[in-house]
Protein chains: 2
Amino acid sequence: MDLEKLIGQIHVKQSFLCIGLDTDLEKVPPHLLQEEDPIFAFNKAIIDATHHLCVAYKPNTAFYEAYGLKGWKALGKTIDYLNANYPEVFTIADAKRGDIGNTSTRYAKAFFEEFGFDSITIAPYMGRDSVEPFLAFENKHTILLALTSNEGAYDFQTQKVDGTALYEKVLQTSLTYKNAHNLMYVVGATKASFLGDIRKIVPDSFLLVPGVGAQGGSLKEVCHYGMNQHIGLLINSSRGIIYASKNKDFAAMAALKAKELQQQMQEELKLLGR
Amino acid sequence: MDLEKLIGQIHVKQSFLCIGLDTDLEKVPPHLLQEEDPIFAFNKAIIDATHHLCVAYKPNTAFYEAYGLKGWKALGKTIDYLNANYPEVFTIADAKRGDIGNTSTRYAKAFFEEFGFDSITIAPYMGRDSVEPFLAFENKHTILLALTSNEGAYDFQTQKVDGTALYEKVLQTSLTYKNAHNLMYVVGATKASFLGDIRKIVPDSFLLVPGVGAQGGSLKEVCHYGMNQHIGLLINSSRGIIYASKNKDFAAMAALKAKELQQQMQEELKLLGR
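Scoring rules and cut-offs
Numbering of residues begins from 1 in every chain and follows the order in which that chain's sequence is written. The lettering of chains begins at A and the numbering of ligands begins at 1, in the order of writing. Thresholds applied to this predicted model are a pLDDT of at least 70 for local features of residues and 80 or more for the giving and counting of side-chain atom pairs; totals over whole chains, interfaces and linings are not thresholded and use all residues. Computation of side-chain values: all heavy atoms of the structure, hydrogens and water removed. Here a cavity means grid points, on a 1 Å grid over the protein atoms only, where a 1.4 Å probe fits yet cannot get out; a pocket means an open set of points with protein on both sides within 12 Å along at least five of seven lines; lining residues are those with an atom within 4 Å of a point. Grid points are joined across faces, edges and corners, and a volume is the space filled by probe spheres set on the points. Strands are runs of DSSP state E lasting at least 2 residues, helices are runs of H or I lasting at least 4, and numbering of each runs from the N terminus. Gly counts as polar in this scheme, as do all residues outside two lists: the nonpolar Ala, Val, Leu, Ile, Met, Phe, Trp, Tyr, Cys and Pro, and the charged Asp, Glu, Lys and Arg. Only residues with pLDDT of at least 70 in both copies count here: their C-alpha atoms drive the least-squares fit that superposes the copies. Should any heavy atoms of two residues lie within 4.5 Å, those residues are considered in contact. A pairing counts as a salt bridge when a side-chain nitrogen of Lys or Arg comes within 4 Å of a carboxyl oxygen of Asp or Glu. Classification of residues uses two cut-offs on accessible area relative to the type maximum, computed with a 1.4 Å probe and protein chains only: under 20% is buried, over 50% is exposed, and between them is partly exposed. Counted as a polar contact is a pair of N or O atoms within 3.5 Å, where, for protein atoms, one must be capable of donating a hydrogen and the other of accepting one, and residues adjacent in sequence contribute only when both atoms are in side chains. Strand pairing is assigned whenever DSSP detects at least two bridges linking the two strands. Angles shown run from 0 to 180 degrees and are taken between the N-to-C directions of axes, each axis being a line fitted to C-alpha atoms and, for helices, limited to the stretch in contact.

Draft legend 1. Region of the structure containing the layout of surface pockets. Residues and elements named next belong to chain B. Here the second largest pocket is characterised by a volume of approximately 220 Å³. If you trace the second largest pocket, you find 17 residues lining it, with L3, H181, D204, S205 and F206 closest to the centre. Mapped onto the lining of the second largest pocket, the elements with two or more residues apiece are helix 1 (3–13) and strand 8 (183–187). At three residues, helix 1 tops the list of elements feeding residues into the lining of the second largest pocket. Residues belonging to the lining of the second largest pocket are distributed by class as follows: 10 nonpolar, five polar and two charged.

Draft legend 2. Examining the relation of the copies chain A and chain B more closely. At an RMSD of 0.0 Å, chain A and chain B line up after a rotation of 180° and a shift of 0.0 Å along the axis. Here the two chains are linked by the operation of a two-fold rotation axis. Closest approach to the rotation axis within chain A is made by the C-alpha atom of V161 of chain A, at a distance of 2.4 Å. A shared interface surface links the copies, since 100% of the contact residues of chain A are contact residues in chain B too.

Draft legend 3. Quick peek at the pattern of salt bridges. All chains considered together, the criterion is met by 22 salt bridges over all chains. The residue D99 of chain A makes a salt bridge to K96 of chain B at a minimum N-O spacing of 2.8 Å. Here D99 of chain A is found in the loop between strand 3 (90–97) and helix 5 (101–115), whereas its partner K96 of chain B is found in strand 3 (residues 90–97) on a different chain. The class for K96 of chain B is buried, based on a relative accessible area of 7%. One network of salt bridges, in which partners are shared, links K58, D94 and K96 of chain A together with D99 of chain B.

Draft legend 4. Fine view of the side chain of N228 of chain A. All names here are of chain A. Looking at the secondary structure, you find N228 in the loop between helix 10 (219–226) and strand 10 (233–237). You can call N228 buried: its relative accessible area is 7%. Separated by 2.9 Å, the side chain of N228 and the backbone nitrogen of H230 make a polar contact. One polar contact links the side chain of N228 to the main-chain amide nitrogen of G232, over a distance of 3.3 Å. Setting aside chain neighbours within four positions, we find N228 in contact with R199, P203, D204, S205 and R274.

Draft legend 5. Structural view of the sheet that holds strand 10 (residues 233–237) of chain B. Residues and elements named next belong to chain B. Strand order around the closed barrel formed by eight strands is 1-2-3-4-5-8-9-10, with parallel pairing between neighbours. Across this sheet, the average inter-strand angle for adjacent strands is 30°, counted without regard to direction. Note: strand 8 against strand 9 (residues 207–209), two bridges, orientation parallel. Bridging across to strand 9, V186 finds its partner in L208. Its contacts with the sheet place helix 2 (residues 38–50) against strand 1 (17–21) and strand 2 (56–59), and it is angled at close to 170° to strand 1.

Purely spatial values, then, with no claim about function.
In structure tokens:
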């Protein structure tokens, strides 16, 4: 998907919400466990109920891999269902991959071509030749981990390298990669105050922001520090939306939670005059 | 697998060779493409022909994911085959995963429990709470990327953080993680001269060393700088062994290549008096 289409959707829907499909069979409504493919049944219901309120879905691959073959199959069915029924929605494989060149090409093919995702999250530790194979795909997007929402981010990401935090070094260096225009970045909402400095380095890039809600990040702060002239934000919520209820009304309740966030986003767009 | 068993195998086989099962259908002998599951057929033949010459196998998950469901299935059959027929061999899922806590737990379950691998490679960028969920599994091993064999390693890994290279900071910090005794580290053979300094920080840990052969690293140098009193090395070769021939003799030729490396290793063990 090209970015103009994504930005267009944000304006149409007055939303820059990404819904994380971290589907866990211990948390889905028990009545779904009777279904032949409960993971897909859950995802489908959530998607059908929320697609008009969000602009992106982000399945975290770990949740699918944990169920082995049947999880991998459910992931395939989910992305196929999205591409067939809601092609206007941006799709993110939250896979946090990254390997040496020929291997990264394999991952890129797996997620961009075999599955048909619009984007994938990538860990930057292995540097240029681990990232560029993903960037080579036009109209596909590589979302590099910059500053993550967890406590462990302070172990290395915020450490100073020549006076610059490592995550800033990652941002700066990534801009020199071939096809850097296909980059986006993960920046955790729990560290919203860092967003001002991040915007100085990557003023135009989209930022995928997890950590609003369950992890404690503030939507208002993220918008204040992180929004750019093209909005430039995809704010993710997973558990807070998809597990809003364990009853038969789970999809409607998820839509209600998504609607709350969408309305807050609409408010921010109005306040910031976008 | 506990480490004593692995060390015992190294002595019995006079080998610390790990064979990388980076199975690519464009490179396997064409006659295998007639098989129902050519990926598994290739792996099985390679394993049957080489298991007495190596102490570990390392499938890189990217190669399997690239084939979607059938690749994932072949990976499952490969690890099942190894565990059923050669349980003395150490198995490594070269997956380079890493995510926030509850998600890392999912990955750990997927690879340690669902698949039954002995170990997994992990990217350190997200820090403590992304690594510790893997370390919580006793007799399972977490192989942290420290200094990788590719050019991109110089982007961040060798950058100085408070006067210390980032990869050294990763080694030092990881030693403070809970259950750090379950850690091993990836150190590329192309950077063998760094091994002396690395051994000062992690004298007792096993190092998984890719990059001998195709990528240009020297076995002799790696042994000189990297071997410790318990050997402490797993040296990986992938393409140089498994694609030794594209003919019907491919497994025998792979065994020949593996045997060459095993004999060099035996020589090193003798020279270094281990």
